[in-house]
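# Overview (structure and organization)
Given next are the chains, with one letter for each unit.
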Amino acid sequence: RPLVEEVSFLWAAFFVVYIAGVIFAMFRIITALFIKDTMAVASQDAEAVIREKMKEKARYAQKLHEVFLAADTSGDGFVTRAEFQALLSEDMACAYLASLELDPLSATDLFNLLDDGDGTVSVQEFVRGALRLKGQARSSDVVSIMHDCEKVLQRMSGVEAAVEALGTRVVAM
């Protein structure tokens, strides 16, 4: 009883505000933990990840299309070697290609990689080829190259044997 009668009501108000603040803070912490867990589950959602990757690839392809349009000065829908080299002679274009993870150092090599043999690069060739050139080599690309190298080595062994046989015949004459 003396505690109630001799203590000021301001202390009671202070403790009410203090307890309300602590309860509010606890609710905020619990809410933050729920939101954190929800966001973690949402970020691991496979479908969302796939959709985001597809959107990213579409945005990248759109940027490549814009680069192609900038390179196609003739407006015929194809980029020639001269147009491509003219594009790569501009510092801004080289910087933009570098930002897209494409190495613009050798215009001829890049053009040859993208060209399918007709001397020009269409928008489809450019986008498809640049998408393959982006970033690190994939293991499937490395296996494909190894397979092609084995084929070339086998053919070269056959050519070597034929040349040796021909050399033996020439010496015997």
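For the structure itself, consult the block above.
Described in the following lines is the structure provided in the data block. (Residues numbered from 1 in each chain as written. Predicted model: local features only at pLDDT ≥ 70, side-chain atom pairs only at ≥ 80, totals over all residues. Heavy atoms only, no water.)

Moving on, we come to the overall build of the protein chain. Tallying secondary structure elements over the protein chain gives eight helices and two strands in all. The helix and strand sequence of the protein chain, counted from the amino end, reads α-α-α-β-α-α-α-β-α-α. A compact globule built from 173 residues should have a C-alpha radius of gyration of about 16 Å, whereas the protein chain, at 34 Å, is more than 25% larger. For the protein chain, the C-alpha atoms occupy an extent of roughly 130 × 45 × 25 Å along the three principal directions. Per-residue burial for the protein chain yields a buried fraction of 18% across its 173 residues. (Helix = DSSP H or I, 4+ residues; strand = E, 2+ residues; numbered from the N terminus. Rg over C-alpha atoms; globule rule 2.2 N^0.38 Å. Buried < 20%, exposed > 50% of the residue type's maximum accessible area, 1.4 Å probe, protein only.)

Another aspect to go through is the environment of Asp 148. In this fold, Asp 148 is placed in helix H8 (residues 139-172). Sequence separation between Asp 148 and Asn 112 is 36 residues; the distance between their C-alpha atoms is 18 Å.

Another aspect to go through is the packing of aromatic side chains. Across all of its chains, the model carries four aromatic pairs by this definition. Centroid distance Phe 14 to Phe 15: 5.3 Å. Interplanar angle 70°. Geometry classified as edge-to-face. Owing to a relative accessible area of 45%, Phe 14 belongs among the partly exposed residues under this scheme. For Phe 15, a relative accessible area of 44% translates into the label partly exposed. Summarising the aromatic geometry, the rings of Phe 14 and Tyr 18 are spaced 6.4 Å apart at their centres and angled 20° between planes, so their arrangement reads as stacked. Placement of the pair is Phe 14 and Tyr 18 together in helix H2 (residues 9-43), with a separation of four residues, close to one helical turn. Members of the aromatic cluster, each reached through a chain of ring pairs, are Phe 14, Phe 15 and Tyr 18. (Phe/Tyr/Trp six-rings, centres within 6.5 Å; stacked < 30°, edge-to-face > 60°.)

Attention shifts here to the side chain of Glu 83. Relative to the elements of secondary structure, Glu 83 occurs in helix H4 (residues 81-88). For the buried residue Glu 83, which engages in no salt bridge, the nearest side chain bearing the opposite charge is Arg 81, 11 Å off. One polar contact links the side chain of Glu 83 to the main-chain amide nitrogen of Ser 74, over a distance of 2.9 Å. Apart from the residues within four sequence positions on either side, Glu 83 is in contact with Ala 71, Asp 72, Thr 73, Ser 74 and Phe 78. (Lys, Arg positive; Asp, Glu negative; His and termini not counted. Salt bridge = Lys/Arg side-chain N within 4 Å of Asp/Glu carboxyl O. Polar contact = N/O pair within 3.5 Å; in protein donor to acceptor, adjacent residues only side chain to side chain. Contact = heavy atoms within 4.5 Å.)

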